[in-house]
Amino acid sequence: MRNEIKPSEILDILKKKISGFEPTAEETEIGRVIQAGDGIAQVWGLDNILSGELIEIDTDERTVVHGMVMNLEEEIVGVILFSGYERVKEGCTVRRTRRVAEVPAGEALLGRVVDPLGNPLDGKGPVKTGTWSRVEVKGPGIIKRQNVMEPLQTGIKAIDAMIPIGRGQRELIIGDRRTGKTTIAIDTIIGQKHADEKDRVHCFYVAIGQKRSSVVQLVETLRKHGVLEFTTIVAATASDPASLQYLAPYAATAMAEYFRDSGRHALVIFDDLTKHSQAYRELSLLMRRSPGREAYPGDIFYLHSRLLERAAKMSDEEGGGSLTALPIVETQEGDVSAYIPTNVISITDGQIFLEANLFNSGLRPAINVGISVSRVGGDAQIKAMKQTASSLRIDLAQFRELAAFMQFSSELDHSTQNQLNRGERLTEILKQPQYSPIDVYKQVMILKAGISGRLDKYPTAKLLVYQDELFEYLDNEGDSFMQELRTASGFTDELGKKMEGVFDAFEEKFHPESIETGIDSGYTVNLAMALSQRRSSINRDMLKLIERITARELASPSLETEIEQIITGKDVVEKDRFEDLIESCKIIDYEKSSHMGTLFKAAAKIMTKESGDISSSEIYSKLIEREKSSSTALSPFFAIPHIVVEGKEKFQMLIIRSKKGVNFSSSAENVHAMFFLLGSIDQRHFHLVVLSSLAQIVQHPSFEKEWLSSKNPEELRHLILKIRKKKPE
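These figures come from a predicted structure and were not determined experimentally.

Parameters and conventions
Residues numbered from 1 in each chain as written. Predicted model: local features only at pLDDT ≥ 70, side-chain atom pairs only at ≥ 80, totals over all residues. Heavy atoms only, no water. Helix = DSSP H or I, 4+ residues; strand = E, 2+ residues; numbered from the N terminus. Buried < 20%, exposed > 50% of the residue type's maximum accessible area, 1.4 Å probe, protein only. Lys, Arg positive; Asp, Glu negative; His and termini not counted. Salt bridge = Lys/Arg side-chain N within 4 Å of Asp/Glu carboxyl O. pLDDT = per-residue confidence, 0-100. Contact = heavy atoms within 4.5 Å. Pairing = 2+ DSSP bridges. Patch = residues over 30% accessible without salt bridge, like charges linked within 9 Å, V, L, I, M, F, W, Y side chains within 5 Å. Areas by Shrake-Rupley, 256 points an atom, 1.4 Å probe, with all protein chains shown as cover. Charge placed at Lys NZ, Arg CZ, Asp CG, Glu CD. Core = buried A, V, L, I, M, F, W, Y, C linked by side-chain atoms within 4.5 Å. 1 Å grid on protein atoms, 1.4 Å probe; cavity = no way out; pocket = protein on both sides within 12 Å on 5 of 7 lines; lining within 4 Å. Points joined across faces, edges and corners; volume = space filled by probe spheres on them. Nonpolar A, V, L, I, M, F, W, Y, C, P; charged D, E, K, R; others polar. Phe/Tyr/Trp six-rings, centres within 6.5 Å; stacked < 30°, edge-to-face > 60°. Lys NZ or Arg CZ within 6 Å of the ring centre and 35° of its normal. Axes fitted to C-alpha atoms, helices over the stretch in contact; angles between N-to-C directions. Parallel < 35°, antiparallel > 145°, perpendicular 65-115°, else oblique. Left-handed = near helix turned anticlockwise from the far one by under 90°. Expected span 1.5 Å × (residues − 1). Arc of directions from axis to C-beta.

Chemist: How should the side chain of K448 be read in this particular structure?
Modeler: Relative to the elements of secondary structure, K448 occurs in helix α14 (residues 440-451). It turns out K448 is buried and unbridged, and the closest side chain with the opposite charge, E500, is 6.9 Å from it.

Printed below as a string of structure tokens:
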């Protein structure tokens with residue numbers, strides 16, 4: 001045996017070992033973090049890993065952080081990290097899971113609030129389901145689809161009538177911040193409440209980059225309206241890493257596809273894709289991907305196209321299920337030509353454009369019908385709606401153009417005036433408060449009334465009251481007709497005649513002149529001051545105000561004459577009546593308290609003795625309600641608290657003087673003269689007379705001084721009558 005080994009022999013042995021080396025599975029499935037920060041990590045050593053695969057990272061704190069592979073480079077792997085990413089440091093061990101990103105799916109998710117990985121956020125324990133769906137899958141091919149032809153009823157008149165959405169469609173909701181985009185989405189969820197189980201749409205709402213408080217508020221709104229039980233909320237809030245915000249819409253779509261592929265219907269709301277794009281841009285720039293237009297990476301279009309292509313109406317052979325997508329995009333100053341809006345518009349099947357100017361003017365939902373469109377059209381409407389509203393969108397667009405043009409014209413011909421009046425009424429009936437979706441057949445009936453001209457004879461301010469009473473009538477006396485309409489789905493000649501009979505019977509019972517439109521204190525301030533100015537001309541703004549109070553047509557010559565007489569003091573008929581009211585009303589001194597609520601309670605007790613059929617608590621609550629809407633103190637010295645009640649020919653006044661004053665507002669001086677009015681809804685003309693007269697009296701130069709110096713209530717009465725009989729200076 002030799003005592004030494006030659007170096008050449010050692011070299012031969014090493015060469016043989018290296019040439020025969022085959023790495024074990026363990027050695028290739030574990031890597032190391034070589035760089036970490038800002039929610040991403042660069043990992044070395046994972047040679048066989050897949051794109052989109054989930055990985056686990058062991059940290060120094062003996063916790064596990066999860067991530068997903070996003071970049072595959074020659075020697076390193078780019079990983080986006082989920083919650084707890086700040087604990088990942090260089091040198092941490094990385095393990096493959098051999099699972100591409102997937103989320104739980106199934107019935108167990110309904111009624112839950114989860115993160116994009118399916119982890120519960122609502123404190124109700126883990127989601128118990130044995131079904132898992134891949135986050136990224138290819139959308140169904142053309143062979144597996146069929147045409148979108150089944151309506152998805154939102155319950156919003158303006159959308160169901162003019163921009164119909166079908167099951168399987170992708171309809172973009174676009175507009176500036178705070179224009180009602182999320183409200184439309186929530187209304188759509190609430191609109192599915194009364195569907196039967198077979199026809200039920202299972203809803204998924206994705207909150208991307210929102211405040212957590214907003215998500216909590218949303219959950220409470222859905223719970224309050226009884227629709228949380230068939231809704232899943234996937235939340236990646238502003239405090240979550242960009243990786244979760246990026247993953248959220250894909251995860252929710254994977255959850256919704258479970259229902260689509262089982263022959264049922266699902267709806268996914270992405271709120272919103274603008275924040276989703278920003279999260280992806282952040283990740284891409286950190287991954288050192290090349291920035292392009294507005295710093296977005298070149299594949300930003302593919303990001304949303306592969307997401308929205310998964311929405312589909314499946315063929316009958318595939319079960320006939322559907323997945324509808326309602327992406328939301330936020331614009332800046334209404335600019336729909338920006339990068340992300342144009343991308344998503346080109347992918348979707350139409351858009352609902354919400355305009356800030358319309359929203360601020362009180363038209364809600366603030367839908368611009370000129371820009372909004374549904375590329376599915378009448379295929380996504382029931383027959384009755386198609387018969388009713390086929391030309392409504394064009395008519396409204398023409399009305400708005402005509403109204404904008406005619407504001408510069410002082411004289412209008414009869415046909416133009418009629419077109420403007422009709423458009424104004426159609427616009428009014430399309431107004432709808434949030435969280436109040438309407439059954440589609442009831443929508444058809446109110447639209448029929450508007451388009452056929454039945455509403456032309458009513459003041460615009462009365463139309464929503466007309467709608468509410470019509471719906472109540474249809475639920476009770478018109479129930480049999482509504483059942484026939486639902487069965488037939490559309491109008492026949494016979495059903496058309498029955499519909500006219502229903503309208504005639506309802507309108508016999510509908511009396512708009514007896515409906516309170518709200519003489520609130522805000523109107524009183526303006527009206528009393530305006531009426532106190534003895535001018536012969538009436539401006540347009542004042543007439544609009546009085547129209548709302550009197551519930552009469554603005555353009556009525558008799559109304560103009562009537563108001564002219566009140567202002568100029570030529571209303572002889574009511575002049576004596578006002579003086580009788582002053583002589584018969586109760587006038588008291590009140591010094592018990594300077595607190596407004598205490599005064600209102602005392603006044604309510606006195607007024608209930610005079611009215612007889614209304615309790616003091618009801619009078620008090622009405623007074624407080626009016627005061628909350630706007631202060632009835634018209635100056636630092638006097639106030640006119642007032643209410644309107646049901647009943648015929650009822651009007652009373654209580655006058656209260658407080659020498660030390662009553663505090664109506666913490667920011668204003670105490671009030672010394674208070675005129676409490678209680679008038680019935682059919683006494684509006686006299687209400688205007690009283691307001692005008694009182695406003696003129698209290699503005700007389702001698703009023704304040706003599707009011708405080710008068711010795712007793714009778715002297716106060718004589719003071720009012722004396723000033724009343726003086727000629728204006």
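Chemist: Sorry if this is basic, but what is going on with unusual backbone geometry here?
Modeler: The phi torsion of most residues other than glycine is negative, and most of the peptide bonds are trans. Between D271 and the following residue, D272, the backbone shows a cis peptide bond with an omega angle of 0°. Take D272: it is sitting in the loop between β13 (265-271) and α7 (273-286). Put simply, R364 and P365 share a cis peptide bond, and its omega is 5°. Mapped onto the elements, P365 comes out in the loop between α10 (356-360) and β17 (373-374). With phi around 60°, R178 is a residue other than glycine that occupies positive phi space.

Chemist: I keep staring at the confidence of the model for the chain and nothing clicks. Help me out?
Modeler: Reading fine detail from the predicted coordinates is not recommended where pLDDT is low. Confidence along the chain averages 84 in pLDDT terms, with 85% of residues attaining 70 or more. Per-residue pLDDT stays below 50 along residues 515-560; that stretch engages in 108 contacts with residues further than four places along the chain or on separate chains.

Chemist: Whenever I open this one, the pattern of salt bridges confuses me. Can you help?
Modeler: Opposite charge on two side chains lets them pair, provided their charged atoms get close. All told, the structure shown has 37 salt bridges when counted by the stated rule. For R306, the salt bridge identified is with E136, shortest N-O distance 2.9 Å. Within this pair, whereas R306 is found in helix α8 (residues 300-308), its partner E136 is found in the loop between β9 (131-134) and α3 (157-162), the two being separated by 170 residues in sequence. Its salt-bridge partner being R293, residue E294 comes within 3.6 Å of it at the nearest N-O pair. When its relative accessible area of 41% is taken as the criterion, E294 is described as partly exposed. Exposure remark for R293: the relative accessible area of 44% places this residue in the partly exposed category. One network of salt bridges, in which partners are shared, links R454, K457, E500, D504 and E507.

Chemist: Teacher, can you tell me more about the pairing of β13 here?
Modeler: Here β13 lies mainly inside the structure; seven of its seven residues are buried. Taking every second residue as pointing to the same face, both faces of β13 are buried, with H265, L267, I269 and D271 on one and A266, V268 and F270 on the other. Across seven bridges, strand β11 (residues 201-208) lies against β13 in parallel orientation. Looking at the pairing, A207 lines up with D271 of β13. Bridge count for β13 against strand β15 (residues 322-330) is seven bridges, and the pairing is parallel. Looking across to β15, one finds that D271 is bridged to I328.

Chemist: What is the right way to look at a positive patch on the surface in this model?
Modeler: A cluster of like positive charges, contributed by K586, K592, K601, K605 and K609, occupies part of the molecular surface. Looking at the positive patch, the element that brings in the most residues is helix α22 (residues 596-611), giving three residues. By the element assignment, K586 lies in strand β18 (residues 586-589). Note on K586: relative accessible area 43%, which makes it partly exposed.

Chemist: What is the right way to look at the nonpolar core in this model?
Modeler: When a protein is soluble and globular, its nonpolar side chains tend to lie buried together. Counting 74 residues, the largest nonpolar core has M162, I233, I352, L392, M445, Y466 and F481 as the members making the most contacts within it. If sequence neighbours within four positions are ignored, L392 has contacts with A161, M162, L426, L430, L447 and I451. Formed by 54 residues, the second largest nonpolar core is a distinct cluster that contains I80, A101, A242 and A248.

Chemist: What's the story with empty space enclosed by the protein in this structure? I'm lost.
Modeler: Summary: where empty space remains is shown by rolling a probe the size of a single water molecule over the atoms. Here the structure, examined in full by the defined rule, presents one cavity of 30 Å³ or more. Estimates place the volume of the largest cavity at around 60 Å³. Looking at the largest cavity, the residues that line it are A158, M162, L363, P365, I367, V369, L396, R400, T427 and L430. Elements with a minimum of two residues in the lining of the largest cavity: α3 and α12 (392-406). Here the lining of the largest cavity is composed, by residue class, of eight nonpolar, one polar and one charged.

Chemist: Honestly, the packing of aromatic side chains in this entry has me stumped. Any pointers?
Modeler: For any pair of aromatic rings, the description consists of the separation of the ring centres together with the inter-plane angle of the planes. Under the definition given, this model contains 16 aromatic pairs. Aromatic pair Y458 and F510: ring centres 5.3 Å apart, planes at 80°, arrangement edge-to-face. In this pair, Y458 sits in the loop between α14 and α15 (463-476) while F510 sits in the loop between α17 (493-509) and α18 (521-532), placing the two residues 52 residues apart along the sequence. On the accessibility criterion, Y458 (6% relative accessible area) is buried. Given the relative accessible area of 3%, F510 is considered buried. We note R281 situated over the ring of Y296; from NZ or CZ to the ring centre the distance is 4.3 Å.

Chemist: Got a minute to help me understand the packing of α14 against α15 in this structure?
Modeler: Two measures define how a pair of helices packs: the angle their axes make with one another and the distance between the axes. Close contact between α14 and α15 brings their axes to 10 Å; oriented N to C, the two are set at 130°. Classed by the angle they form, the pair α14 and α15 counts as oblique. As α14 runs across α15, the sense of the crossing is right-handed. Contacts from K442, M445, I446 and A449 of α14 reach α15 at Y466, Q467, L470, F471, L474 and D475. Here the residues of the contact of α14 with α15 are counted per class, giving seven nonpolar, one polar and two charged.

Chemist: Could you clarify how one ought to interpret α17 in this entry?
Modeler: Residues separated by three or four positions in an α-helix point in the same direction, a consequence of the helix having 3.6 residues per turn. Here α17 spans 25 Å end to end across 17 residues, near enough to the 24 Å set by a 1.5 Å rise per residue. Listing the buried residues of α17 in full gives L495, G496, M499, V502, F503, F506 and E507. Around the axis of α17, the buried residues are gathered within 125° of arc, so they sit on the same side. Counted as exposed and oriented over 90 degrees from the buried face of α17: D493, E494, K497 and E508. In the core, the buried residues of α17 are packed alongside α14, α15 and α16 (479-488).

Chemist: I keep staring at a nonpolar patch on the surface and nothing clicks. Help me out?
Modeler: Taken together, the side chains of I10, L14 and I18 make up a nonpolar region of the molecular surface, amounting to roughly 310 Å² of accessible area. As for its position among the elements, I10 is in helix α1 (residues 7-19). For I10, a relative accessible area of 43% corresponds to the partly exposed category.

Chemist: It is not clear to me how the sheet that holds strand β2 (residues 40-44) should be interpreted in this structure. Could you clarify?
Modeler: In sheet architecture, strand pairing relies on hydrogen bonds along the backbone and comes in two forms, parallel and antiparallel. Around the barrel, six strands lie side by side as β1-β2-β5-β4-β3-β6; this closed barrel has antiparallel pairing. Along the sheet, successive strands turn relative to each other by an average axial angle of 45°, direction set aside. Examined bridge by bridge, strand β4 (residues 64-72) and strand β5 (residues 76-81) share five bridges and lie antiparallel to one another. Each bridged residue has a counterpart across the sheet, and for M68 the counterpart in β5 is I80. Along the sheet, α7 contacts β2, β4 and β5; its crossing angle with β4, the most-contacted strand, is approximately 75°.

Chemist: I would appreciate a short explanation of the layout of surface pockets in the present structure.
Modeler: Here the second largest pocket is characterised by a volume of approximately 1,100 Å³. R178, G180, K181, T182 and T183 are, among the 32 residues lining the second largest pocket, the residues nearest its centre. Those elements giving two or more residues to the lining of the second largest pocket turn out to be α4 (181-190), α5 (212-224) and β15. For the lining of the second largest pocket, the element with the highest residue contribution is α4, accounting for six residues. Looking at the lining of the second largest pocket residue by residue, the classes come out as eleven nonpolar, eleven polar and ten charged.

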